Amino acid sequence: MTSTKIAVIGGSGIYDIDGLDGAEWVSVDSPWGAPSDQILTGTLDGVAMAFLPRHGRGHVHSPTTVPYRANIDALRRLGVTDVISVSACGSFREEMAPGDFVVVDQFIDRTFAREKSFFGTGCVAHVSVAHPTCPRLSQACITAATDTGINVHSSGTYLAMEGPQFSTLAESKMYRESLGADVIGMTNMPEAKLAREAELCYASVAMITDYDSWHPDHGEVDVTKIIETLMGNADKAGTMVARLPALLGADRAPCPHGCDRALEYAILTRPEARDAALVAKLDAVAGRML
Ligand SMILES: CSC[C@H]1O[C@H](OP(=O)(O)O)[C@H](O)[C@@H]1O
Ligand SMILES: Nc1ncnc2[nH]cnc12
């Protein structure tokens, strides 16, 4: 058994969380650069918690420039075991309406201008992301959302686009009709891939804010409306998060789905061929295996 430490990565419109005992913003140094912001630490129902605003307080980082590697590394350095992303998303499905939550279980990664791995020349690793989210943690999010009275969909495919512009109408229709995506956002990739490399359980709660631009009865997406819808849902997200410590408990059994052992058999570079500088940077993420 290890101790649970739950991190929430708050997306657009979510820059803080209430109710932590002993709340303190702490700075965490990472060899992967500066994280998006300081990290709010504390406890909730006796369980250690951490909160990181993905875009920084004041919304400084664009989806492309969010320091994804530094963020995941910093959470790992803090001893986090479980990461929950709470994100604003557009919907490609009539029945996934603004105000609903979707606990995402698949991704289509269409981002192209971001660093997507902690590994590379001098230390090569290939982890599986066939199932990119943790079923145990996702189920806790579904239960917490249901308990909170949220209209929650228990699965969905999230298309991660580069942005920062929203999709064209043709792209929106292609993502929906040809690629079969259910929701769209700009940030969950490479975050989910990096969490897997760092052997962290990861779940993604998508808060639907709009119908992107495909829906004939809704105008094209715009950021003011997104933030309006988001603000109407921020309290629901907070209540959902507050249920999680009781559901997950302070003592943590190994992940039944192997998220916390993802690097076993993943590192290919022979010990004598590894780059010492890269190995040193990997101390938090992969120290267990190096
Ligand atoms: C505010 S509209 C677009 C912006 O919102 C989402 O961010 P996040 O996933 O951090 O909630 C979306 O991915 C875009 O980055
Ligand atoms: N329609 C949309 N496209 C991309 N990111 C979003 N975030 C919220 N709504 C979005």
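Everything quoted here is computed from the prediction, not taken from an experiment. (Residues numbered from 1 in each chain as written. Chains lettered and ligands numbered in written order. Predicted model: local features only at pLDDT ≥ 70, side-chain atom pairs only at ≥ 80, totals over all residues. Heavy atoms only, no water.)

**Notes on the site of ligand 1**
Step number 1: S12, H55, A88, M186 and T187 are the nearest of the 13 residues found near ligand 1.
Step number 2: Within the contact set of ligand 1, an oxygen atom lies 3.2 Å away from a side-chain nitrogen or oxygen of S87.
Step number 3: Burial of ligand 1 by the protein chains amounts to 93% of its free accessible area of 390 Å².
Step number 4: Contributions of two or more residues to the shell around ligand 1 are made by β6 (82-91) and α5 (223-248).
Step number 5: Of the residues contributing to the shell around ligand 1, the split by class is 6 nonpolar, 6 polar and 1 charged. (Near = heavy atom within 4 Å. Polar contact = N/O pair within 3.5 Å; in protein donor to acceptor, adjacent residues only side chain to side chain. Areas by Shrake-Rupley, 256 points an atom, 1.4 Å probe, with all protein chains shown as cover. Helix = DSSP H or I, 4+ residues; strand = E, 2+ residues; numbered from the N terminus. Nonpolar A, V, L, I, M, F, W, Y, C, P; charged D, E, K, R; others polar.)

**Let's talk about the UniProt feature "binding site: phosphate" (unreviewed entry) in the protein**
Step number 1: Following the UniProt record, the feature "binding site: phosphate" (unreviewed entry) maps to S12, R54, H55, S87, A88 and T187 here. Taken together, the annotated residues stretch across 176 residues yet fold into one region, lying no more than 12.2 Å apart by C-alpha.
Step number 2: Turning to its location among the elements, S12 is positioned in the loop between β2 (5-10) and β3 (21-26).
Step number 3: Among all residues touching S12, those that are not within four sequence positions of it are H55, H59 and L230. (UniProt positions renumbered as here; feature names shortened; annotations may be inferred. Contact = heavy atoms within 4.5 Å.)

**As for the packing of helix α1 (residues 68-77) against helix α4 (residues 188-197)**
How two helices pack is summed up by the angle between their axes together with the distance between the axes.
Step number 1: One can describe the packing of α1 onto α4 by two numbers: an axis separation of 9 Å at closest approach and a directional angle of 40°. At the point where α1 passes α4, the crossing takes the right-handed sense. Contacts between α1 and α4 involve Y68, R69 and I72 from the former and M189, P190, E191, L194 and A195 from the latter.
Step number 2: Residues belonging to the contact of α1 with α4 are distributed by class as follows: 6 nonpolar, no polar and 2 charged. (Axes fitted to C-alpha atoms, helices over the stretch in contact; angles between N-to-C directions. Left-handed = near helix turned anticlockwise from the far one by under 90°.)

**Focus on the packing of aromatic side chains**
The description of an aromatic ring pair uses the distance of the two centres, along with the angle that the planes make with each other.
Step number 1: Overall, the coordinates contain 4 aromatic pairs when judged by the stated rule.
Step number 2: With 5.2 Å between their ring centres and 70° between their planes, W32 and F118 make a pair best called edge-to-face. Here W32, found in the loop between β3 and β4 (39-44), pairs with F118, found in the loop between β8 (106-109) and α2 (135-147); they are 86 residues apart in sequence, far enough to count as distant. Neither W32 nor F118 differs from the other in exposure class; each is buried. (Phe/Tyr/Trp six-rings, centres within 6.5 Å; stacked < 30°, edge-to-face > 60°. Buried < 20%, exposed > 50% of the residue type's maximum accessible area, 1.4 Å probe, protein only.)

**A word on the pairing of strand β10 (residues 157-160)**
Step number 1: Here β10 shows no split at all, with T157 and L159 on one side and Y158 and A160 on the other all buried.
Step number 2: Pairing analysis gives 4 bridges linking β8 to β10, with the strands arranged parallel. Residue pairing for β10: F107 is matched across the bridge by Y158.
Step number 3: The pairing of β10 with strand β11 (residues 183-185) spans 3 bridges and is classified as parallel. Bridged to Y158 within β11 is V183.
Step number 4: As a crossover connection, the stretch from β10 through helix α3 (residues 169-178) into β11 is right-handed. (Pairing = 2+ DSSP bridges. Right-handed = clockwise from strand over helix to strand, strands pointing away.)

**Focus on the UniProt feature "site: Important for substrate specificity" (unreviewed entry) in the protein**
Step number 1: Taken from the UniProt record, the annotation "site: Important for substrate specificity" (unreviewed entry) applies to S167 and V223. Spatial clustering of the annotated residues is evident: they stretch over 57 residues in sequence, but the largest pairwise C-alpha distance comes to 12.8 Å.
Step number 2: Examined against the element boundaries, S167 turns out to sit in the loop between β10 and α3.
Step number 3: A relative accessible area of 9% means that S167 is categorised as buried.
Step number 4: Here the side chain of S167 touches D212 through a polar contact of 3.3 Å, side chain to side chain.
Step number 5: Along the chain, V223 falls in helix α5.

**Re the site of ligand 2**
Step number 1: Taken together, the neighbourhood of ligand 2 is formed by 13 residues, with A88, G90, T209, D210 and D212 sitting nearest.
Step number 2: Here a nitrogen atom of ligand 2 sits 3.4 Å away from a polar atom, N or O, in the main chain of A88.
Step number 3: Residue D210 places a side-chain N or O atom 2.7 Å away from a nitrogen atom belonging to ligand 2.
Step number 4: If one sorts the elements of the shell around ligand 2 by residue count, β6 sits on top with 3 residues.

**Some details on the pattern of salt bridges**
Step number 1: Enumeration according to the criterion identifies 16 salt bridges in this entry.
Step number 2: Taking the shortest distance from any N to any O, the salt bridge between R288 and E199 comes out at 2.8 Å. Note that R288 is positioned in the segment after α7 (283-286) and E199 in the loop between α4 and β12 (201-210), a separation of 89 residues in sequence.
Step number 3: Exposure remark for R288: the relative accessible area of 45% places this residue in the partly exposed category.
Step number 4: One salt bridge connects R252 with D260, and the closest N-O pair in it is separated by 3.5 Å.
Step number 5: The class of D260 is buried, set by a relative accessible area of 18%.
Step number 6: Residues participating in the shared-partner salt-bridge network are D82, R252, D260 and R261. (Salt bridge = Lys/Arg side-chain N within 4 Å of Asp/Glu carboxyl O.)

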